[in-house]
Structures are given as structure tokens and as C-alpha cells.
Amino acid sequence: MSFPSSTKLLVVGAGPAGMACALSAWYSGIKDVTVVDAVEQGEHASRAMVIHAATLEALDTIRCANGLVERGIKVSAMNYYDRTDALLMNVDFDGLIGKTNFPYYLLIPQHITEEVLGNKLKELGIPVFRPYKAVGMRENSKDGRAVDVSFENGQSITAQYVVGADGAQSAVRQLSGVDFVDPNAVPGEPEDINTLAQMVIADVTFSEPPTLPSILFGVVSTESFFIFSPLQYPMKDSKETHGKTVYRIACGVPLTLGAPPSKPSVEYCQELIENFGPGKLSSDKNKNPYAVHVSDVVWSTRFRTRCAVAETFFTHFGNGSPGASVCLIGDAAHIHPPAGGQGMNLGLRDAITLGPVLAAALTAGPSPETDGKVRAHMTLRRDRALKVIGMTKVMAGAVGMSPAVRDKFAWSPIHIYTIRDWVFWVLGKSQWVRQTLAYRFSGLAAP
């Protein structure tokens, strides 16, 4: 299919949020939708691996939930341990039974999620044009309510609505002049960085199957937070697994250790496990009688975490009044630490809830009332993002222990980490706490 010269809706970015937005718009009646992405197929880094209940409910409206459930692992608990393998807290998702059609969370690598969404786009005949990197935006000379988006390859397209789903470095957001900052930052004060400020993620195999629960769990320690989970699928285009089970590990790397390598090796991942992982993953027989070793890294990466939110999720572009409409979703609108697996979930719900709103706006035609309804919806999504950012900051602060938190408890004769672990243990004794946390994580409380 040749690249169109104009479209009603242009979605910039074909990650999970962008594809979900296009599907939601199509099912809501917008058949003239164009999707572009800056990179070739499969070049996105695959980091997210959890889909929660509220997101599955939303994905069900675009006929994608069942395909994902069939390919993922259903899990009803999320456990937290200390480094001696003592259980501190069990987040109980069985409490979701009767509240949703999906009373669990789904373990599924992001590239499988993208594959399912991409196959649905193909089924509906919605093409994704690659590589189309947005480099410019200007008001259309004939229609002040439209915008001309130009691409690095020299082509351009005129759109009535533009959705920026192009990641944390969003060209759409930057070209629209929208600020992107930490909502709780204090001007002039240094950023309060905890031990999750930089992380390593890797899909690995082991010499022997680990004697660990087949669920996602975390390990808290004095310097880091370690995550472990089984996977049905490693990262796309990763190394051959030789028939072994693949596990996802993620670990905060203390800043005192310097920046991790761009593609952490077997040796580096093993060192993280020895220093911050569960005892049952140790290769040291003095610590673990069933010593296991990382046998291969099938895929790995590093990244830095931070919190930021767009000043607005809806704006007008151009010198005219009011100008073309631009919406921001996913990482283009908000980023935060990966605690609780919230990032992609929030972005998918941004995307899917936006489709009907844009369809109604295009049907009604341009007017102050139409703009008001779109703005009200995007303001609600921004409020949701601020709450999620707040929740992930609390979680990251609890497990990562920022310098500011440690300083506040410097007076205590009891080690701050002992207090933290004791609090987790006490709270974990309450079924109400365990199920309330699961309900918050699920997104059902505020989809």
C-alpha cells in the first residue's frame, strides 16, 4: 500500500500503545487511520512482561485479550522475599475473582503482545508504515484544523488528529512544545535517586531448573531489588535456548557499581544474582546446596529509570485558533519506575479509551464543545498517570530506599532495612492488605 497524503487520524509510534489506539479507533468507527513507526519491525526493546486485569478488560474490547491469554502465563500471586528466601509478603490476586473476567495477571513478553496486536492490525487491513521518523510538524496552509507531519525520508502527511505514541523521547511531544518533567521535582534540589535508578533486564537459562516458585517474585535487599520470573518466550530474535526454560531477571544496579554494560554478559548476570538475588539461585554450594549457574544470556539490556509526565496530554498545534489537535499516550505522556508492572498497562488503557473519544470528536466535527470533551478525557488520563506515578514512587522508595529515606532513619538503633522487612512481613499477614494491593496493581480501582 502506498503512503497516503492525508488521513483523519495519524498514530505516530507502533509499540503496544500506538497499535492499541489504532485498533480502538477502527472499532469505534474511524476507518481512515494511519500508523507510522520510526524503526523497522522488531527493533523495539522488549521490557514489559506483565498485563493486568483492567488492561485485559480493555484489550477485550479490541478483540485481543483472548489471543494474549492463550499465549501468556496466568499468575494469581506476586511474592516478595528477603535474601534468605523468607517470604515477606504475598500479593493475592485471587481476590479479583468475581470482579473481572481476568482474575490474575498475565506473564507475557512485550514482543508477543506487539505480535498479537500487529496481527489484528493486519487482519483489519491497517498498515504500519516503517521506517517513518517524524521530524517536523506545521499547520496546514489550507486548513488551520489540520497539521502536516513530515518524516526523515522526505515524505509528509496531513492529519486532522495526531496521536503521539512514540515513546519517552517523543518527537510529537517535543514538536508540539509540551514539557515533560517529574511532577514532584523541586526546582534547585537534586533528584532523589534510589537503588532502582539504573537496572539490568535479561532473559537467561540456567544449568539446572531452579527450585523456585513458577511465578513473578521480587527479592529485597540492602542495596537493590531483584525480580525473577519464568517465561514461555524469550526476547524475539534472541539466541537459541537449546530447549531450556527461559527466565526473566531484572535487577537494580547500585550507582556505586558504575553503569552496567549495554548488553550484560553471563558473568555480569551471575554476579548480580550472587549479590542481590535469591539464595536458591546462587552458584555457591555453601549458600545453595542445589547450586545453579546462568548457562546463557539469550537477551539482555540496561536502562535508567525516572519519573516524568507531560504538562498536558492534549494540545493544539499551529498559529491559528484553535489549531490541529494532538494527543499524547503511553511513554510519550508518562514514564515511571517499573514497580508493579504498571507502565505498559497504563499506556494500553490510555490508548484503548482514547479511540471512542476521537471517533466521537471526528463525527461531531470541530467545535469548542468537541475540544472540551477530548480535553476532559485527556485530563482524566493525566490524573490517572499522576496517581500511578505516585504509587510506583512509593513502591520504588520502599524497596530501593533512596538516600533521603535512609537519612530520615539515621537516628534509629535498628537498621532501616530490618524495619522495612518487618513492615512488609506484618502487612503481609493481612489478607485485606494482600488483596487490596492486588486490586490496586490490577488497575481495576482506576482503569
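Not measured: the values here are computed from a predicted model.

A. Here's a closer look at the packing of helix α1 (residues 16-27) against helix α7 (residues 343-364). Viewed as axis vectors pointing N to C, α1 and α7 meet at an angle of 20°, and their least axial separation amounts to 7 Å. By the criterion of interaxial angle, the relationship of α1 to α7 is roughly parallel. Crossing geometry of α1 relative to α7 is assigned as right-handed. Contacts between α1 and α7 involve Pro 16, Ala 17, Ala 20, Cys 21, Ser 24 and Ala 25 from the former and Met 344, Gly 347, Leu 348, Ala 351, Ile 352, Leu 354, Gly 355 and Pro 356 from the latter. Split into classes, the residues belonging to the contact of α1 with α7 amount to 11 nonpolar, 3 polar and no charged.

B. The sheet that holds strand β13 (residues 198-206), seen in detail. Across the sheet, which stays open at both edges, the 7 strands sit in the order β6-β5-β14-β15-β16-β13-β17 with mixed pairing between neighbours. Across the chains shown, the open sheet's two edge strands, defined by having one partner strand only, are β6 (87-92) and β17 (294-304). Looking at each pair of strands side by side, their axes are set apart by 20° on average, direction ignored. Alignment of strand β14 (residues 217-220) against strand β15 (residues 225-231), held across 4 bridges, turns out to be antiparallel. By the bridge assignment for β15, Val 220 is matched with Phe 225.

C. Main features of the packing of aromatic side chains. Applying the stated criterion across every chain, the model contains 14 aromatic pairs. A ring pair is formed by Trp 26 and Tyr 27, whose centres lie 5.4 Å apart and whose planes are at 90°; its orientation type is edge-to-face. On the basis of an interplanar angle of 20° and a centroid distance of 6.1 Å, the ring pair of Tyr 80 and Phe 225 is categorised as stacked. Here Tyr 80 is found in strand β5 (residues 77-81), whereas its partner Phe 225 is found in strand β15, with 145 residues between them in sequence. For Lys 31, the ring lying beneath its charged end belongs to Trp 26, and the centroid distance is 3.3 Å. The ring of Tyr 27 carries the charged tip of Arg 63 above its face, separated from the ring centre by 4.2 Å.

D. How the structure looks around helix α2 (residues 53-60). Counting buried positions over the 8 residues of α2 gives 6, a clear majority of the element. Among all positions in α2, only Ala 53, Ala 54, Thr 55, Leu 56, Ala 58 and Leu 59 are buried. Buried residues belonging to α2 abut β3 (50-51), α3 (65-71), β7 (105-107), α4 (110-124), α7 and α11 (431-442).

E. Quick look at the state of the cysteines. Tallied over the full model, the rule gives 0 disulfides. Just so you know, Cys 269 is unpaired, no disulfide at all, and the nearest cysteine sulfur is the one on Cys 251, 9.3 Å from it. Note on Cys 269: relative accessible area 0%, which makes it buried. Of all cysteine sulfurs, the one in Cys 21 lies closest to Cys 327, which takes part in no disulfide; the gap is 8.0 Å. For Cys 327, a relative accessible area of 0% corresponds to the buried category.

F. A look at the environment of Arg 145. Examined against the element boundaries, Arg 145 turns out to sit in the loop between β9 (134-139) and β10 (147-151). C-alpha separation for the pair Arg 145 and Pro 366, spaced 221 residues apart in sequence, amounts to 8.0 Å. Those residues in contact with Arg 145, other than ones at most four positions away along the chain, are Gln 160, His 316, Pro 322, Gly 323, Ala 324, Ser 325, Pro 366, Ser 367 and Asp 371. Among the polar contacts listed, one links the side chain of Arg 145 to the side chain of Asp 371, at a separation of 3.2 Å.

G. Quick peek at the sheet that holds strand β18 (residues 308-310). What the 3 strands build is an open sheet, ordered β12-β18-β21; its pairing is antiparallel. In this open sheet, the two edge strands, each paired with only one partner strand, are β12 (180-181) and β21 (334-335). The pairing of β12 with β18 spans 2 bridges and is classified as antiparallel. Counterpart to Val 181 in the pairing with β18 is Val 309.

H. Examining the pairing of β6 more closely. Judged from the 5 bridges that link them, β5 and β6 form a sheet pairing that is antiparallel. Bridge pairing in β6 places Met 78 opposite Val 91. If you look at the hairpin formed by β5 and β6, you'll find 5 residues sitting between the two strands, and Asp 85 has a positive phi there, around 70°.

I. Spotlight on a nonpolar patch on the surface. The grouping of Trp 422, Val 423, Trp 425, Val 426 and Leu 427 at the surface amounts to a nonpolar patch, some 460 Å² of accessible area in total. Take Trp 425: it is sitting in helix α10 (residues 416-428). With a relative accessible area of 40%, Trp 425 lands in the partly exposed category.

J. View of the side chain of Gln 198. Mapped onto the fold, Gln 198 is located in strand β13. Side-chain polar atoms of Gln 198 contact the side chain of Arg 304, separated by 3.4 Å. With residues up to four places along the chain from it excluded, the contact list for Gln 198 reads Cys 251, Gly 252, Val 253, Pro 254, Leu 255, Gly 258, Ala 259, Pro 260, Phe 303 and Arg 304.

Each value, and the rule that gives it
- Residues numbered from 1 in each chain as written.
- Predicted model: local features only at pLDDT ≥ 70, side-chain atom pairs only at ≥ 80, totals over all residues.
- Heavy atoms only, no water.
- Axes fitted to C-alpha atoms, helices over the stretch in contact; angles between N-to-C directions.
- Helix = DSSP H or I, 4+ residues; strand = E, 2+ residues; numbered from the N terminus.
- Parallel < 35°, antiparallel > 145°, perpendicular 65-115°, else oblique.
- Left-handed = near helix turned anticlockwise from the far one by under 90°.
- Contact = heavy atoms within 4.5 Å.
- Nonpolar A, V, L, I, M, F, W, Y, C, P; charged D, E, K, R; others polar.
- Pairing = 2+ DSSP bridges.
- Phe/Tyr/Trp six-rings, centres within 6.5 Å; stacked < 30°, edge-to-face > 60°.
- Lys NZ or Arg CZ within 6 Å of the ring centre and 35° of its normal.
- Buried < 20%, exposed > 50% of the residue type's maximum accessible area, 1.4 Å probe, protein only.
- Disulfide = S-S within 2.5 Å.
- Polar contact = N/O pair within 3.5 Å; in protein donor to acceptor, adjacent residues only side chain to side chain.
- Patch = residues over 30% accessible without salt bridge, like charges linked within 9 Å, V, L, I, M, F, W, Y side chains within 5 Å.
- Areas by Shrake-Rupley, 256 points an atom, 1.4 Å probe, with all protein chains shown as cover.
- Salt bridge = Lys/Arg side-chain N within 4 Å of Asp/Glu carboxyl O.

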